[in-house]
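In case you want the letters, here they are:
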Amino acid sequence: MFVQSSPEVHDVIVIGSGAAGGMAAWNLAVNHGARVLMLDAGTRFRREDFWTHVKPWQWRERIEKGMSPPKIQLDNKEQPYSWKEPNKFDLIRVWGRGGKTNPTFPF
Ligand SMILES: Cc1cc2nc3c(=O)[nH]c(=O)nc-3n(C[C@H](O)[C@H](O)[C@H](O)COP(=O)(O)OP(=O)(O)OC[C@H]3O[C@@H](n4cnc5c(N)ncnc54)[C@H](O)[C@@H]3O)c2cc1C
């Protein structure tokens, strides 16, 4: 982990840059003039790695070549989560800047 000391003082620290953290930070900064520091524990995704702008036929070609879009969600077998019966739920977790606002594919 890289830790950088900063002399800056912030009004608010938002932890997590997903939809919730992003909107909270934006609202506090833009509408309330707060100095906001956003922290995220996840990786920095590269836009060009996503297939969001790939045409449908190119999708097919890529799949036929054995390629697959990047899987950015955590593997629930490697990093399981727990629940109490009968409240089982499906959980998709993304550790990366932007969280689940980035394209996740269920395969
Ligand atoms: C396949 C899929 C499709 C979806 N489609 C839609 C849709 O069409 N419309 C819609 O409204 N919603 C949709 N959603 C739901 C929407 O994406 C989520 O509800 C929303 O993104 C959740 O935002 P969040 O900020 O709560 O969490 P996340 O987006 O998960 O963000 C959490 C952030 O916190 C960070 N973090 C986690 N732990 C730590 C830590 N300990 N310290 C620091 N940072 C940490 C993560 O890296 C991540 O950036 C979809 C979800 C999925 C999975």
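*Asks:* How should the packing of aromatic side chains be read in this particular structure?
*Replies:* Each aromatic ring pair is characterised by the separation of its centres together with the angle its planes make. Counting across every chain of the model gives four aromatic pairs. Centre to centre, the rings of Trp51 and Trp59 are 4.9 Å apart; their planes meet at 80 degrees, and the pair counts as edge-to-face. Take Trp51: its relative accessible area is 4%, and that puts it in the buried class. Trp59 gets classed as partly exposed once you look at its relative accessible area, which sits at 21%. Look at Tyr81 and Trp83: their rings are 5.8 Å apart centre to centre, the planes differ by 55 degrees, and that puts the pair in the tilted class. For Trp83, a relative accessible area of 33% corresponds to the partly exposed category. Among the aromatic residues, those joined into a ring-pair cluster are Tyr81, Trp83 and Phe89. Against the face of Trp51 rests Arg62, its NZ or CZ located 4.9 Å from the ring centre.

What counts, and at which threshold
Residues numbered from 1 in each chain as written. Predicted model: local features only at pLDDT ≥ 70, side-chain atom pairs only at ≥ 80, totals over all residues. Heavy atoms only, no water. Phe/Tyr/Trp six-rings, centres within 6.5 Å; stacked < 30°, edge-to-face > 60°. Buried < 20%, exposed > 50% of the residue type's maximum accessible area, 1.4 Å probe, protein only. Lys NZ or Arg CZ within 6 Å of the ring centre and 35° of its normal.

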